Amino acid sequence: MIAADIISKRTVTSTASATAQKQKIKVNIVVCLKQILDPEIPSRDFRVDSEKMEAQRGGASLVTNIFCENALETALQFREKFGGRITALIFAPAGGEDSLRKALAMKADAAVHVINDGAAHPDPLAVARVLAAAVRRLGNIDLVMVGRESGDWGVGQTGGLMAEELGIPSVSFVDRLEKQERGLLLHRQTDQGWENVEAQTPLVVTITNDDQNLPRIPKTRDIMLSSRQPIIRWSLEDLAADDAGIDVAEIRAGGGYYRVVDLAIPTKEIVCEMVAGETLEERVDQLADRIMSVVRSL
Amino acid sequence: MSRVIGIIFSSAGYDRAAQGVTGAGRRLADALGLPLQMVVVGGGGGDLAGSLAAVADAVTVLTVTGVADYQPEQTLAALTDLCRGEGAQAVLLGNDTWSQELAPRLAHRLGGSAAGDGVELVIADGRLRVSRSVYGGKAMATIELLRDPAVVWIRARAFDPATAREVPAPIESLEAAPTGEPATFIIERKSEVTGEARLEDAQVIVSGGRGLGGPEPFTDLQDLAGLLGGQTAASRAACDSGWCPPSWQVGQTGRKVAPGLYLAVAIRGASQHLAGISEAKTIAAINNDPDALIFKHCRFGIVEDYRKVLPLLRERLAAMRKE
Amino acid sequence: MLDNTLDSEATRPVLWNISQSWLLYVMFAASLAIAGYGLYRRVMAWRRGQPAARFDQPWPRLKMLLTHAIGQRRTVRERYAAFFHTFLYTGFIVLFIATMVVMADHRFGLPIMRGAFYLWFQSLIVDIFGALVVAGTAIAFVRRLVHRPRKLVLNDESLRILGLILLMALTGFLLEGWRIAATADPWGVWSPFGYLVARISSLALTAKSMELAHVITWWFHSVLVFGFIAWVPYTKLLHILTAPLNIYTARLAPSGASLKPLDLDRLAETGEPMGVRTAAQLTWKDLLDLDACTECGRCTDVCPANTVGKSLSPRDLILDLRDLVRAPQAGEPAGITSTVTAAAPDSLWQCTTCGACMEACPVFIEQMPKIVDLRRYLVMEESDFPETMQQAVTSLETRGHPFRGTQSTRLDWAEGLPVKTIGEALDAEVLLWVGCGGALIERNQKVVRATAQLLAAAGVNFAILGREEKCTGDPARRIGNEFLFEMLARENVETLNRHAVKTIVTSCPHCFNTLRHEYPQFGGSFEVYHHSEYLAKLVSEGRLASATPLDQTVTFHDPCYLGRHNGVFDAPRQLVQISSRRMVEMERRRENGFCCGGGGGMSFVDEPAGQRVNQERAREALKTGAEVVAVGCPFCMTMLEDGINARRGERDVRVMDVAELLWESVGKKA
């Protein structure tokens, strides 16, 4: 059963000028990527470094955060339909280049690597400031796409903070977008269902996953060729040079927004407790009590 | 005068999430020695404001002229003004779509810091510390917010509701003026109110395996799931046998679920299946084989033929629900 | 009567009733020219193919030719074909020799068509084989028109061919009979069927009218024969020529070694397709394969996917490719692979690479490697393959194993066992290659435990790679991602060589096959044993002994990559026999074993209900009445356990690895 309630429908003004605009505008998209520890690392291999307040890498790989890949996929599909140019952007240590190479293999048009030579996990405001500065430096960006959150820290603030840093609006949990005669039409997921949002550019959107934006598997040829494509590399100093908002020392130190004071693996010894009781009835009563206490705590 | 502000969107009513936000807000306000002001965003929440008034020190119903309930830029601007005006020391929100969308931006506008998905809030050295699950539930982190105000969206269901005050708080209405031409505009909304929410989102799942021996017992599992407000799922073997729709399949090749309670009935626990429930918080099992692998992953269980257990269990749970 | 007529003068006049016999040679030349042109076109088509080294090692090749082309060993495996094809094949050879004898005698004046040879061979034997041709054609007609087995394609061409052969044979008998009657041949009875025709004809026709009928029929018969010769290269009769050639140039290595490497760097550089896009990427041997197909349908008949009702039919794939390759544009611009996939999008992704098709093919066509070649193009150039396989591939890229979502680590299985990694045991004589299936699928961890404990019990100094081990790349290669396979292979070879590994034992036949046949291509040459082979060796050396054989009936399921692809059939059976009291065999076993459904990346695909290969195999295993189904492969283990559990009902049937069986029978002593 689907209950629909349409809030309002704005009428489109001046179609003539809008059509002219449509032909002129080539949407310039930046997709921000994050590289994270493989979220599928088995629990038994998962260790934390309580000095550095981060997970130990061990033998696990670093991967591009899945929501970032969803964002890139959404951008690629948008470009296929409406044209445009996609720049993949990452703020990461040298190894972050792998995520950019994969983005290029998936057919992003350009790649920008802001080298992080400071704290491993700068706080979300530091990250947002760096990314926003890079977006400003690129210039003429219409649309910034980021993943809704990352699979490691799950912070979920980069998009919103970037919007504020850039002084532009943002819409979260988008899973599809289309170009309209005026601006964009965004489809986004909500707790109860979905919403369609009309938006003007420039704009930040955070992308969530949907069965339509599963990241494509790059073609082998493109993987092989991606290793030769150019990557633009900027240091924090490069960004600070023409951007007063960048405090290099503070970013290298991890930022001044928040800090992690504790990171620990919760000790959960799983021992199955078999419900006890003389009779079957007693045991089932026990079972029912346990079930109910779990359900009530949810 | 500074205060703790809790923000609730009117559309959902005084549900468990709203209760959690209020409860967390109350305890935080008490810890800081500040009053708790609950803000209802959007009109029409008459009952909600009343319920909040019973537990808060002040209630404000905030509307924006021309906005039915929510428009990102308009609502954000109105909330920023309100929080600034009231001198918010801490702002709490739930973890619904709109709260998550607004919280970081609100923090930024207020010059504060935000953190999300909090399950525990403590004050240490005058700073708010937020505990949350990280690395896909493999670790817990405590984050200290370095700027004021602290803006936190919380896993509201993790917090107990607040207890009622002796004197209900006053309820005031505030209508904010819209700020210019908004660049984003929600034009259409659909609520998919269905009995079949996504299995991935289910809080309770009752699942059946090959040991059920046929399709009929799934009706009993559905009854049980209904009693617990949950959904029904199955192992690959059961789906393979055609006892239930393939969409019910949980496992490596099926759905990956993360319920609060996963009750496995007559499921042995092949790794194929376990791979789909590794994010479940509590797993419980009914199986007549004490060596069934599933028990190695359970918090509790019963070694008994499900045929004997299910009728009794249903009766008992139904009775408990009535209480 | 025979004795009276058996004299040295016995012979018959050649061309007794025929004038203008030069016309014969004109017709012969014309038919040769037409046939020659057809053949020339085929040969030119093959020559356009990519290179393939298939003319090395002449002696083993000649042996293949003798066994399978002349000896027809595979052809006669099938009861019906044993008659039908043997009658036609031998009949044609005998009649060909008889014609040569006539030519030698008549044209070159060699007086060989005389006396006993004339009577025994040229008359009696030739007459009988002529009759066999008629019988063979009749069987084929009945088969096609009455029985209509699913595996045969009933088309006009095959009926026309059969009709022509039948007509040639029947007109031959008429000519024979009329000659005997009209010339009152004293030795006519030596050609019994011709004699029969003569006797019957004499009742109705005068000698004069028989002579006239003879002339007309003789020329008609000649037209048929030369027409037949001319027609050969334009029909599936081409196999008369291509089959022996295809057998001579067949792959000599075990079928486990049938996938060829690609020079991906070069392909990336030149822009040529990775994998097969058009006919241009096929080797001459691939093209010859397509022209060698006799449409017998045996490959499709044994194909596990086809057996359970899926759309994949190796024979149809070969014929579709043949038609596309022969078409003027050769499948352009879409390319043959896209054209084939457009027609049946799922088929290529139903192949388990079990190799049953290749084993069944009487003319040694290599169907499976072609499927992988097509997959390569779809995977590497189009990224167009099933989503669940994509997940396996992505997991291989990032984690070095294909099992997305596993919570196991490479060392969990060894918990509590004194197993050392190669870094800790530099003197280890044997490396136990655990494999992802062994380490990361919970059920198989017990198999590796049993294997390790058996090795320890026998005093073998072994070690494991532990976390340094990566997937061998088998699933990547079979799915068609050669790039990923190469990366994994290079990495593993580097690791193995760094540790100076010489001997490897593994309980996974897929790892076994890849380590043994495919790593030498990347500079990794090791002595590789499947654990069943190594354990059987330890048993025969007296280092392991079964104390209390299991008192249960056990059947053994041949893993494709151990059995058919590598010819290891006996070692696992030896282990079963010493570990249990009773062993029973399934109907499809050894070379003809039926896949569990898990190879070729198929274990990562959710097969539609009712079309599951594992259930078909489980059904067969249960039919034996066995209480234990023994396996020797982690993929077979999961596939068959699923299948058996879905079908066993109330029966208690276990699936166990041969190492577990042995450990149970040995371990009780320990």
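Residues numbered from 1 in each chain as written. Chains lettered and ligands numbered in written order. Predicted model: local features only at pLDDT ≥ 70, side-chain atom pairs only at ≥ 80, totals over all residues. Heavy atoms only, no water.

Colleague: What is the right way to read the sheet that holds strand β1 (residues 430–433) of chain C from this model?
Modeller: Strand-to-strand pairing in sheets goes through backbone hydrogen bonds, with the strands running parallel or antiparallel. Residues and elements named next belong to chain C. Spatial strand order, β2-β1-β3-β4: four strands in an open sheet with parallel pairing. A single partner strand is all that each edge strand has here, and the edge strands are β2 (462–463) and β4 (527–530). Note: strand β3 (residues 503–506) against β4, four bridges, orientation parallel. Looking at the pairing, isoleucine 504 lines up with valine 528 of β4. Contacting β1 and β2, helix α20 (residues 442–457) runs over the sheet at an angle of about 165 degrees to β1. Contacts from helix α23 (residues 509–518) reach β1, β3 and β4 within the one sheet, and its direction differs from that of β4 by about 165 degrees. (Pairing = 2+ DSSP bridges. Helix = DSSP H or I, 4+ residues; strand = E, 2+ residues; numbered from the N terminus. Contact = heavy atoms within 4.5 Å. Axes fitted to C-alpha atoms, helices over the stretch in contact; angles between N-to-C directions.)

Colleague: How do you make sense of the sheet that holds strand β7 (residues 127–134) of chain B when you look at a structure like this?
Modeller: Taken in spatial order, the four strands line up as β15(A)-β8(B)-β7(B)-β6(B) in an open sheet, and their pairing is antiparallel. If you trace the sheet from one side to the other, it starts and ends with β15 (258–264) of chain A together with β6 (120–124) of chain B, each paired once. For this sheet the average axis-to-axis angle between neighbouring strands, irrespective of direction, equals 25 degrees. Pairing of β7(B) with strand β8 (residues 139–145) of chain B, which is carried by six bridges, proceeds in the antiparallel orientation. Bridge pairing in β8(B) places Ser133(B) opposite Met140(B). Here helix α1 (residues 16–32) of chain B sits on the sheet in contact with β6 and β7 of chain B, set at roughly 10 degrees to β6(B).

Colleague: What is the right way to read the environment of Leu236(A) from this model?
Modeller: All names here are of chain A. Looking at where leucine 236 falls in the secondary structure, it is placed in helix α7 (residues 236–241). Between the C-alpha atom of leucine 236 and that of valine 30, which follows or precedes it by 206 residues, the distance is 18 Å. Apart from residues no more than four positions distant in its own chain, leucine 236 is found in contact with Phe91, Val114, Ile115, Asp117, Val130, Ile246, Val248, Ile251 and Arg252.

Colleague: Is there a simple way to think about the packing of helix α9 (residues 239–248) of chain C against helix α11 (residues 284–292) of chain C in this case?
Modeller: Residues and elements named next belong to chain C. Between α9 and α11, the least distance of the axes is 8 Å, while the angle of their chain directions is 135 degrees. Accordingly, the angle class assigned to the pair α9 and α11 is oblique. As α9 packs across α11, the resulting crossing turns out to be left-handed. Across the interface between the two elements, His239, Thr242, Leu245 and Asn246 from α9 touch Lys285, Leu288, Asp289, Asp291 and Ala292 from α11. Here the contact of α9 with α11 is built from residues that sort into three nonpolar, three polar and three charged. (Parallel < 35°, antiparallel > 145°, perpendicular 65-115°, else oblique. Left-handed = near helix turned anticlockwise from the far one by under 90°. Nonpolar A, V, L, I, M, F, W, Y, C, P; charged D, E, K, R; others polar.)

Colleague: Got a minute to help me understand the pattern of salt bridges in this structure?
Modeller: Opposite charge on two side chains permits pairing when their charged atoms draw close. Evaluated as defined, the whole model comprises 97 salt bridges over all chains. The closest approach of N and O atoms between Lys107(A) and Asp222(A), which form a salt bridge, is 3.3 Å. Of this pair, Lys107(A) sits in the loop between α3 (97–105) and β8 (110–115) while Asp222(A) sits in helix α6 (residues 220–226), placing them 115 residues apart in sequence. Residue Asp222(A) is classed as buried on the basis of its relative accessible area, which comes to 11%. Ionic pairing is found between Asp316(C) and Arg315(C), a salt bridge with its closest N-O pair at 2.8 Å. (Salt bridge = Lys/Arg side-chain N within 4 Å of Asp/Glu carboxyl O. Buried < 20%, exposed > 50% of the residue type's maximum accessible area, 1.4 Å probe, protein only.)

Colleague: In this structure, what is going on with the domain arrangement of chain B? I would like to understand it.
Modeller: When the parts of a complex come together, some accessible area is lost, and that lost area is often taken as the interface size. What the domain assignment reports for chain B is domain 1 (3–176) and domain 2 (199–322). Here domain 1 of chain B and domain 2 of chain B have C-alpha centroids that lie 37 Å from each other. (Domains from an automatic or database assignment.)

Colleague: I tried to follow the pairing of strand β12 (residues 193–199) of chain A on my own but got confused; where do I start?
Modeller: Successive side chains on a regular strand alternate, one facing one side of the sheet and the next facing the other. All names here are of chain A. Counting buried positions along β12 gives seven out of seven residues, so the element sits mostly inside the fold. Across six bridges, strand β11 (residues 184–189) lies against β12 in antiparallel orientation. Looking at β12, one finds that histidine 187 is bridged to asparagine 196. As consecutive antiparallel partners, β11 and β12 are separated by three residues.

Colleague: What should I look at first to understand the interface of chain C and chain B in this one?
Modeller: Each partner contributes residues to the interface: chain C has 13 residues there, and chain B has 13 residues. Contact between chain C and chain B buries roughly 1300 Å² in total, counting both sides, with carbon and sulfur atoms accounting for 37%. Of all residues in chain C, the largest losses of buried area upon contact with chain B belong to Arg404(C), Glu442(C) and Asp606(C), amounting jointly to 37% of the total for that side. The tally of links from chain C across to chain B stands at one salt bridge. We note a salt bridge from Asp642(C) to Arg236(B), for which the minimum N-O separation is 3.9 Å. Taken together, the links from chain C to chain B amount to one residue pair in polar contact (both at pLDDT 80 or more). In terms of residues, the side of chain C that touches chain B owes the most to one element, helix α27 (residues 634–647) of chain C, which gives three residues. Of the residues assigned to the side of chain C that touches chain B, the class counts are four nonpolar, three polar and six charged. (Buried area = accessible area lost by both parts, 1.4 Å probe. Polar contact = N/O pair within 3.5 Å; in protein donor to acceptor, adjacent residues only side chain to side chain.)

Colleague: For this particular structure, what's the right way to read helix α4 (residues 79–106) of chain C?
Modeller: Over its 28 residues, α4(C) runs 40 Å from end to end, which matches the ideal 40 Å to within 8%, given 1.5 Å per residue. The largest bend in α4(C) is about 25 degrees, located at Thr86(C). (Expected span 1.5 Å × (residues − 1). Bend = angle between axes of the 7 residues up to and from the residue.)

Colleague: Looking at this structure, how should I read the domain arrangement of chain C?
Modeller: All names here are of chain C. Domain boundaries assigned for chain C yield domain 1 (2–43 + 58–247), domain 2 (265–384), domain 3 (389–537) and domain 4 (545–667). Contacts between the two partners involve 34 residues from domain 3 and, on the opposite side, 32 residues from domain 4. Buried surface at the junction of domain 3 and domain 4, both sides included, amounts to about 2600 Å², of which 73% is carbon and sulfur. We note a salt bridge from arginine 443 to glutamate 660, for which the minimum N-O separation is 2.9 Å. At the junction of domain 3 with domain 4, the criterion picks out nine residue pairs in polar contact (both at pLDDT 80 or more). Those elements that place two or more of their residues in the side of domain 3 that touches domain 4 are α18 (387–399), α19 (436–440), α20, α21 (474–479), α23 and α24 (531–540). Per element, the largest residue contribution to the side of domain 3 that touches domain 4 is nine residues, and it comes from α20. Of the residues in the side of domain 3 that touches domain 4, the class split is 16 nonpolar, twelve polar and six charged.

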